[in-house]
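Chain and residue survey
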Amino acid sequence: MLTTRFTLIYVTLMTLVVVASNFLVQFPLNAELAGINLADILTWGAFTYPVAFLITDLTNRQFGPQAARKVVFAGFVVGVALSFYTSVPRIAIASGSAYLAGQLLDISVFNRLRRQAWWRAPLVGSLIGSMLDTVIFFSFAFAAFFVVIGPNDPFALEPAPILGVFTAEAPRWISWAIGDFAVKMIVGLVMLLPYGALMNVLRPVQAAPAR
């Protein structure tokens, strides 16, 4: 009963994060940093989405990988449904694939490191999961190679200075991916604070196998 109740809470939180991220991704971050126009490479959704890794890690710590996967799959269903409703199919496919792969990798890495220093499992798991998430999403969504899943976005493929400040040029989506992952790394570090604060409250219900 305890596991079911808490799992439902985690599912609800994950759903809220996915819904919020899908909404906030529509709004660019209108600011400038070190000469970089952040509106060109970031949306507010980049700041809320990494919270999904915190929810996954807390579920994994308390109830193990099986419960964590249930929470992830619930978020996947909501995320894909919202993406198909609010965006084009190619973006929906990219979003769902990236979310599922990144979260499941996070669960696997977390489980392997859970008996080490308290910060290592959530930090390494979320960073590696975020890296895979970023690579899959931006590649599937914008790389010319993946035109098989939907029309290419000409603007995303236009060459432009990397991050808008370097002399080297690359398709615009490369800068978008770099900016997105940079934020995920920063938020991943910040998420260690609530994780550390909650780890003594949300103690493991039972020992989870490292797999």
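Quick notes on the rules
- Residues numbered from 1 in each chain as written.
- Predicted model: local features only at pLDDT ≥ 70, side-chain atom pairs only at ≥ 80, totals over all residues.
- Heavy atoms only, no water.
- Phe/Tyr/Trp six-rings, centres within 6.5 Å; stacked < 30°, edge-to-face > 60°.
- Helix = DSSP H or I, 4+ residues; strand = E, 2+ residues; numbered from the N terminus.
- Contact = heavy atoms within 4.5 Å.
- UniProt positions renumbered as here; feature names shortened; annotations may be inferred.

**Some details on the packing of aromatic side chains**
Scanning all chains against the criterion turns up 15 aromatic pairs. Taken together, the aromatic side chains of F137, F138, F142, F155 and W176 make up a single cluster linked through ring pairs.

**Comments concerning the environment of F53**
Residue placement: F53 occurs in helix α3 (residues 51-63). Separated by 113 residues in sequence, F53 and F166 place their C-alpha atoms 31 Å apart. The contact partners of F53, leaving out residues within four places of it in the chain, are G102, Q103, D106, S126, G129 and S130.

**Structural notes on the UniProt feature "transmembrane region" (unreviewed entry) in the protein**
When the UniProt feature table is mapped to this numbering, "transmembrane region" (unreviewed entry) covers residues 7-27, 33-55, 67-85, 91-111, 123-149 and 181-202. What you have in residues 33-55 is 39% helix and 13% strand, and the ends, taken at the C-alpha atoms, are 30 Å apart. For the annotated span residues 181-202, helix accounts for 77% and strand for 0% of the residues, and the straight-line distance between the end C-alpha atoms is 29 Å.

**Overview of the environment of F146**
Structurally, F146 is set in the loop between α6 (120-142) and α7 (154-157). The residues touching F146, leaving out its near neighbours within four places in the chain, are R90, S139 and F140.

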